[in-house]
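# Secondary and tertiary structure notes
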Amino acid sequence: MRAFRGGGAALRFLFTSHPLDGHVRPLIRYATALRDAGHDVRVAAQERGRALIEKHDLDFVCLPEAPEDEVARAMALLDASKGRDGFTVGMQELFGGVLARALLPRLEAEITAWKPDLVVHEATEFAGRVAAEKYGVPCVSVAILATGCIAEYAVELDETHRLLRRFAGLNEPPPAGAEPVLTAFPAGFDGEASILGAEPIRIGQSEPPTLPVDGDEAWLPEPGEMLVYLTLGTAAGRTDKSRAAYHMALDVLADQPVKVLLTLGPTMDPALLEPFPENVVVETFVPQTKVFSVASAIVHHGGSGTTLGALAAAVPQVIMPLFADQPFNAQALAASGVGLAVEHDDPDALRRAVETVLADVEIHARCVTIAEEMAGMPGVSFAVETLEQLAR
């Protein structure tokens, strides 16, 4: 029996995630830290997540794809949704619906064959949680959503969980008590939110919030020039709503005395947005930590990963939310004083917001305060100790 660094027998940890970068990446630091402590770790996701997982020398468990027609139907419903309905549709129809139903049998088989001591799932991956409950394995959630958002939408998330439990043949009530939640979001952003009565376990960022640039990147601003970073995430371009938001933002930023870096991700065809304004440089992907080292502001969709990265780097933000947890992040952003929120189809509001966050000294000062709070949160070693305790 293999021993781990802290003494005693090594434990088995199964991480489960949807394959998008913003879902997998928050799990990586916990998985690698547990592996480095001597434990056995596997990370389960669909094929698209393989490269990122194996890049960190983690054992990859490949999960099946959901039927394309069912995913397309869920995406159409999501694209047509508005406001709070967008979150409900995203959870119940897509992440906790068609995707979770496709993953559940494979995760049940993995749990029964490998017998993990703890399942760690990202907050929108419901199948790992339900499979763990079905076979009596304790589980923990990693909040890829702001914890305030999880608390705000507790009813919708609970209903999604209940529906998938029924699909899995679990008709009895779920385990008593709140599921432990790890989060990288600071209380200064999402409030002192408790989730079903339990306080989230706040863990600071493992990587530096900014990294130095090489100096020859085409998107770097000239001396005295401001850089605005524009992104709608790695999965943008799949819907008419996101493409329209890109067009609107580019039209607004074309008139601003700034340089613009636009990153499109792997699914957006640049030809759909051409011609680009003269002040815009287009890239498929640039590490955000490099951009944040020189950016004066960021305009984005309000995805949790992008929001969190900008918070840690003290970069003022403008969020124009599209769906899922993004409207909550936009509201929390404005309420915490680190940026502004606008509708994705209001160019005048976006223009005013960009001009404000570039110039407002109070917003800049508040950004620094939040970044300092995040830098003072406990490190990943504390999370390892917590997960070891929960697995026993």
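Residues numbered from 1 in each chain as written. Predicted model: local features only at pLDDT ≥ 70, side-chain atom pairs only at ≥ 80, totals over all residues. Heavy atoms only, no water.

Attention now moves to a negative patch on the surface. A surface patch of negative charge is lined by E65, E68, D69 and E70. Within the secondary structure, E68 is located in helix α3 (residues 68-80). (Patch = residues over 30% accessible without salt bridge, like charges linked within 9 Å, V, L, I, M, F, W, Y side chains within 5 Å. Areas by Shrake-Rupley, 256 points an atom, 1.4 Å probe, with all protein chains shown as cover. Salt bridge = Lys/Arg side-chain N within 4 Å of Asp/Glu carboxyl O. Lys, Arg positive; Asp, Glu negative; His and termini not counted. Charge placed at Lys NZ, Arg CZ, Asp CG, Glu CD. Helix = DSSP H or I, 4+ residues; strand = E, 2+ residues; numbered from the N terminus.)

Counting across every chain of the model gives zero disulfides. Just so you know, C139 is unpaired, no disulfide at all, and the nearest cysteine sulfur is the one on C149, 19 Å from it. For C149, a relative accessible area of 0% translates into the label buried. (Disulfide = S-S within 2.5 Å. Buried < 20%, exposed > 50% of the residue type's maximum accessible area, 1.4 Å probe, protein only.)

It is worth spelling out the packing of helix α13 (residues 347-359) against helix α14 (residues 361-375) at this point. Remark: α13 packs on α14, axes separated minimally by 6 Å, with the N-to-C direction vectors making an angle of 65°. The orientation of α13 with respect to α14, classified from their angle, is roughly perpendicular. For the pair α13 and α14, the contacting residues are T356, V357, L358 and A359 in the first and V361, I363 and H364 in the second. In terms of residue class, the contact of α13 with α14 is built from five nonpolar, two polar and no charged. (Axes fitted to C-alpha atoms, helices over the stretch in contact; angles between N-to-C directions. Parallel < 35°, antiparallel > 145°, perpendicular 65-115°, else oblique. Contact = heavy atoms within 4.5 Å. Nonpolar A, V, L, I, M, F, W, Y, C, P; charged D, E, K, R; others polar.)

Before going further, it helps to examine the pairing of strand β3 (residues 59-63). A regular strand carries its side chains on alternate faces of the sheet. Both strand β2 (residues 40-46) and β3 contribute to a ladder of five bridges, which runs parallel. Within β3, the position partnered with V43 by the bridge is F60. In this fold, β2 hands off to helix α2 (residues 50-55), which returns the chain to β3; that crossover is right-handed. (Pairing = 2+ DSSP bridges. Right-handed = clockwise from strand over helix to strand, strands pointing away.)

Before going further, it helps to spend a moment on the pairing of strand β4 (residues 118-122). Of all the five residues making up β4, five are buried; the element is thus mostly covered by neighbouring parts of the structure. Neither face of β4 is left uncovered, since the one carrying L118, V120 and E122 and the one carrying V119 and H121 both have all their residues buried. When strand β1 (residues 12-16) meets β4, the two strands line up parallel, connected through four bridges. If you follow T16 over to β4, its bridge partner there is H121. For β4 and strand β5 (residues 139-143), the ladder comprises four bridges, and the chain directions are parallel. Bridge pairing links E122 to V142 in β5. What joins β4 to β5 is helix α5 (residues 126-134), and the crossover it makes is right-handed.

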